[in-house]
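# Chains, contacts and geometry: an overview
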Amino acid sequence: MAFVALSEAEKVYIVHGVQEDLRVDGRGCEDYRCVEVETDVVSNTSGSARVKLGHTDILVGVKAEMGTPKLEKPNEGYLEFFVDCSANATPEFEGRGGDDLGTEIANTLYRIFNNKSSVDLKSLCISPREHCWILYVDVLLLECGGNLFDAISIAVKAALFNTRIPRVRVLEDEEGLKDIELSDDPYDCIQLSVENVPCIVTLCKIGYRHVVDATLQEEACSLASLLVSVTSKGVVTCMRKVGKGSLDPESVFEMMETSKRVGKLLHTSLQSVLHKEESLGPKRQKVGFLG
Amino acid sequence: MPGDNRRIRGPGESQPPQLYATDEDEVPAARDPTRLRPVYARAGLLSQAKGSAYLEAGGTKVLCAVSGPRQVEGGERGGGPAGAGGETPAALRGRLLCDFRRAPFSGRRRRAPPGGSEERELALALQEALEPAVRLGRYPRAQLEVSALLLEDGGSALAAALTAAAIALADAGIEMYDLVVGCGLSRAPGPEPTWLLDPTLLEEERAAAGLTVALMPVLNQVAGLLGSGEGGPTESWAEAVRLGLEGCQRLYPVLQQCLVRAARRRGAATPP
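All of these numbers come straight from a predicted model, not from anything done at the bench.

Rules used in this analysis
For every chain, the first residue of its written sequence is number 1, and the numbers climb from 1 along that sequence. The lettering of chains begins at A and the numbering of ligands begins at 1, in the order of writing. Local features are withheld for residues below a pLDDT of 70 in this predicted model, meaning they are given only at 70 or higher, and side-chain atom pairs are given and counted only at 80 or more; totals for whole chains, interfaces and linings count all residues. Each side-chain value is derived from all of the structure's non-hydrogen atoms; neither hydrogens nor water enter the calculation. UniProt positions are given in the numbering used here, feature names are shortened, and annotations may be inferred rather than shown by experiment. Secondary structure elements follow DSSP: runs of H or I no shorter than four residues count as helices, runs of E no shorter than two count as strands, and numbering proceeds from the N terminus. Here the rule is simple: two strands pair whenever DSSP picks up at least two bridges between them. In this analysis, axes come from line fits to C-alpha atoms, helices being fitted only over the stretch in contact, and the angle between any two N-to-C directions falls in the range 0 to 180 degrees. Residues are treated as being in contact if the distance between any of their heavy atoms lies within 4.5 Å. The patches reported here contain residues having more than 30% relative accessible area and no salt bridge. Joining distances are 9 Å for like charges and 5 Å for nonpolar side chains (Val, Leu, Ile, Met, Phe, Trp, Tyr). Areas reported as accessible are Shrake-Rupley estimates using a 1.4 Å probe. Residue values count occlusion only from the protein chains shown. Only one rule defines a salt bridge in this text: a Lys or Arg side-chain nitrogen within 4 Å of an Asp or Glu carboxyl oxygen. When charges are tallied, Lys and Arg are placed among the positive residues and Asp and Glu among the negative ones, while His and the ends of the chain are skipped. Lys charges are placed at NZ, Arg charges at CZ, Asp charges at CG and Glu charges at CD. Under the scheme applied here, a residue whose accessible area is under 20% of the maximum for its type counts as buried, over 50% as exposed, and between as partly exposed, the area being computed with a 1.4 Å probe on protein chains only. Angles below 35 degrees are treated as roughly parallel, those above 145 as roughly antiparallel, those between 65 and 115 as roughly perpendicular, and all remaining angles as oblique. For this classification, the nonpolar set comprises Ala, Val, Leu, Ile, Met, Phe, Trp, Tyr, Cys and Pro, the charged set comprises Asp, Glu, Lys and Arg, and every other residue, Gly included, is treated as polar. Two aromatic rings, drawn from Phe, Tyr or Trp (for Trp, its six-membered ring), form a pair once their centres lie within 6.5 Å of each other, and the interplanar angle then sorts them: stacked below 30 degrees, edge-to-face above 60, tilted otherwise. A ring is considered to have a charge above it if a Lys NZ or an Arg CZ atom is located within 6 Å of its centre and within 35 degrees of its normal.

All names here are of chain A. The UniProt entry lists residues 32-166 and 196-261 under the feature "domain: Exoribonuclease phosphorolytic" (unreviewed entry), expressed in the numbering used here. Between the end C-alpha atoms of residues 32-166 there is a gap of 36 Å, over a span that is 21% helix and 38% strand. With 29% helix and 39% strand, residues 196-261 has end C-alpha atoms that lie 16 Å from one another.

Laid out in structure tokens, this is it:
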């Protein structure tokens, strides 16, 4: 990720502060930075969202296209993830530099959605074995300020909440030829239920304690992190250790408990904000990139 | 096959006949959830590699080779601040490059050699699990290459590859803090899901969730963790991690014996 220059004294300062549950910006170990979420920012997509978490800026666009279902799962649609680390985020991402990080994030996203309950894939089926909806979720990393995975998962959840898939009917005429008919009303859409879409909580081990939502400086002081993906009900869908250090087994159990607590809070506040934004209706004032 | 121009061009896409077979619900046999399959491990078998290992656990067969340390042109990375305790600066520390490959005939479906994102994800998991164990500070500006080749997938492939890679690194004489032992787990679907240690391929395919744990047994530190699926609440995952760590501890003596045997063989081979 982005390179940050920290002196020994600064590292010691951060580590000692974290042991006392006091971080450089005054937060406690389990507090998130202020998150700004806005949906429906890009007009050419079926759904989009922009999330700003401190200095981290993520833009997600979801496009729904029709295609053939996979052979092993003929009654379901599927999701395809692509993550692009733009060169604006940090100079290291110029050219092919951001590809490795992009594939790592995309693979993690595939993993967290790789179960039956996250997204109702059966609702994406149009006609079994022939047509289904494929949701292309494209993530754009505009600015890197630490804690990428959390911000990206929040943005993906908000974008899926905002996705409107047009209602489609399959008409069969006398000869058995199938024809697809799109509804005339542009607002006649199906909405995905994002009740069980998980969010990632990354816990960085610094000294003897762990912190949630680490900034770039804190990530530089941490050797190992645990990435846990939790749903709003506390069900864990993915767990991964990240980084070059090792973790004590007791720390692993403590971090899992913290992630459950923090995840539930994150989900409730995200749901309330998304519902509030939706209730403002199409006449709300869009902020976009100008705010 | 698209992109494969060394073979005769047949139809663009091909599928195995099993996909069209009628569903035979093969339920895996009930077994003791904490049983580990017997493991055969042998180090020092490839002549061209600095260190190598072959591991067989049930139907899973993995071959791992280590080469290096090779000097790498660091160039851009200047001297950064030294770590606490006088370690070498981050820029001068050695690098570990891992590669995970599946043989095309290893699974039920044929997979063309450039495996794609799944293999890169597993290679990254290998690297993240091996880095805590290797003393990279002792190999400044050098690069170690670890390549794992899965010959047959019989369940818990990543765990077997981790163990084989650690034995291969030890066989190559690379300085390490401890060996890394990997263990796979899977959670059976159904009314009373239990976590099964060291699943077979059938149990893994029918599983609702899977987990791979990597442990450094002497230091008792978790070196790697990768799991996904519908595992349920955190208590269930915690129980799985505990079971996995216990499995890793049980596997350790086998690997110790394997390395001792390899060292004896090498000692007997070189004339005094």
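What follows picks up the thread again.
Here we have 8 strands laid out as an open sheet, ordered S12(A)-S11(A)-S13(A)-S14(A)-S9(B)-S8(B)-S6(B)-S7(B), and antiparallel in their pairing. This sheet does not close on itself; its edge strands, each paired only once, are strand S12 (209-212) of chain A together with strand S7 (195-197) of chain B. Strand-to-strand twist in this sheet, taken as the mean axis angle between neighbours without regard to direction, amounts to 25 degrees. In the sheet, strand S11 (residues 199-206) of chain A pairs with S12 of chain A via 4 bridges, with the strands oriented antiparallel. Residue pairing across strands places Leu-203 of chain A opposite Val-212 of chain A, the latter belonging to S12 of chain A. Docked against the sheet, helix H5 (residues 249-279) of chain A engages S11, S12, strand S13 (224-230) and strand S14 (236-242) of chain A together with strand S9 (221-229) of chain B, running at close to 140 degrees with respect to S11 of chain A. In this fold helix H1 (residues 117-130) of chain B packs onto S14 of chain A together with strand S8 (209-216) and S9 of chain B, with an angle of close to 155 degrees to the strand it touches most, S9 of chain B.

Residues and elements named next belong to chain B. On the surface, a cluster of positive charge is made up of Arg-42, Arg-261, Arg-264 and Arg-265. Element by element, the count of residues in the positive patch is highest for helix H4 (residues 234-269), at 3 residues. As for its position among the elements, Arg-42 is in strand S1 (residues 39-43). Under the relative-accessibility criterion, Arg-42 is labelled partly exposed at 31%.

What follows covers the packing of helix H2 (residues 99-112) of chain A against H1 of chain B. It is at 10 Å that the axes of H2 of chain A and H1 of chain B come closest, and there the two elements cross at 100 degrees. Considering the angle they form, H2 of chain A stands roughly perpendicular to H1 of chain B. Seen from H2 of chain A, the contacting residues are Thr-103, Glu-104, Asn-107 and Arg-111 of chain A; seen from H1 of chain B, they are Ser-117, Arg-120, Glu-121, Leu-124 and Glu-128 of chain B. Broken down by class, the residue content of the contact of H2 of chain A with H1 of chain B amounts to 1 nonpolar, 3 polar and 5 charged.

This part is about the sheet that holds strand S5 (residues 142-152) of chain B. All names here are of chain B. With respect to topology, 5 strands assemble into an open sheet ordered S1-S2-S3-S5-S4, the strand pairing being mixed. Edge positions in the sheet fall to S1 and strand S4 (95-102), since each has one partner strand and no second. This sheet shows a mean twist of 15 degrees between the axes of neighbouring strands, independent of strand direction. Bridge count between strand S2 (residues 51-57) and strand S3 (residues 60-71): 7 bridges; the pairing is antiparallel. Bridging across to S3, Ala-57 finds its partner in Thr-60. Helix-sheet contacts for H1 involve S4 and S5, and the interaxial angle to S4 is about 140 degrees. The sheet strands contacting H4 are S1 and S2, and the helix crosses S1 at an angle near 30 degrees.

What follows is about the pattern of salt bridges. All chains considered together, the criterion is met by 27 salt bridges over all chains. The shortest N-O distance in the salt bridge between Arg-33 of chain A and Asp-213 of chain A comes to 2.9 Å. Residue Arg-33 of chain A is located in the loop between helix H1 (8-19) and strand S1 (35-39), and its partner Asp-213 of chain A is located in the loop between S12 and helix H4 (216-221); the two are separated by 180 residues in the primary sequence. Both residues of the pair, Arg-33 of chain A and Asp-213 of chain A, belong to the buried class. Arg-109 of chain B is the partner of Glu-72 of chain A in a salt bridge, and the nearest nitrogen-oxygen pair spans 3.2 Å. With Glu-72 of chain A in the loop between strand S3 (56-67) and strand S4 (78-85) and Arg-109 of chain B in the loop between S4 and H1, the pair connects residues from two separate chains. On the basis of relative accessible area, Glu-72 of chain A is assigned to the partly exposed category, the value being 49%. Judged by relative accessible area, which is 36%, Arg-109 of chain B ranks as partly exposed. Taken together, the shared-partner salt bridges in this structure form one network comprising Asp-25, Arg-27, Arg-33 and Asp-213 of chain A.

Per the counting criterion, the structure on display carries 4 aromatic pairs over all chains. With a centroid separation of 5.2 Å and 35 degrees between ring planes, the pair formed by Phe-81 of chain A and Phe-113 of chain A is classed as tilted. Here Phe-81 of chain A, found in strand S4, pairs with Phe-113 of chain A, found in the loop between H2 and strand S5 (125-127); they are 32 residues apart in sequence, far enough to count as distant. For the residue pair Phe-81 of chain A and Phe-113 of chain A, the accessibility class agrees, reading buried in each case. Each ring, one from Trp-195 of chain B and one from Trp-237 of chain B, has its centre 5.3 Å from the other, and the planes form 55 degrees; the classification is tilted. Separated by 42 residues along the polypeptide, Trp-195 of chain B in strand S7 and Trp-237 of chain B in helix H4 bring together distant segments of the chain. Residue class for Trp-237 of chain B comes out buried when judged on its relative accessible area of 0%. Chaining the aromatic ring pairs together yields one cluster made of Phe-81, Tyr-110 and Phe-113 of chain A. In this arrangement the basic side chain of Lys-70 of chain A is found over the ring face of Tyr-78 of chain A, its NZ or CZ atom lying 4.4 Å from the centre. The lysine or arginine in question, Arg-242 of chain B, covers the ring of Phe-253 of chain A, its NZ or CZ lying 4.1 Å from the ring centre.

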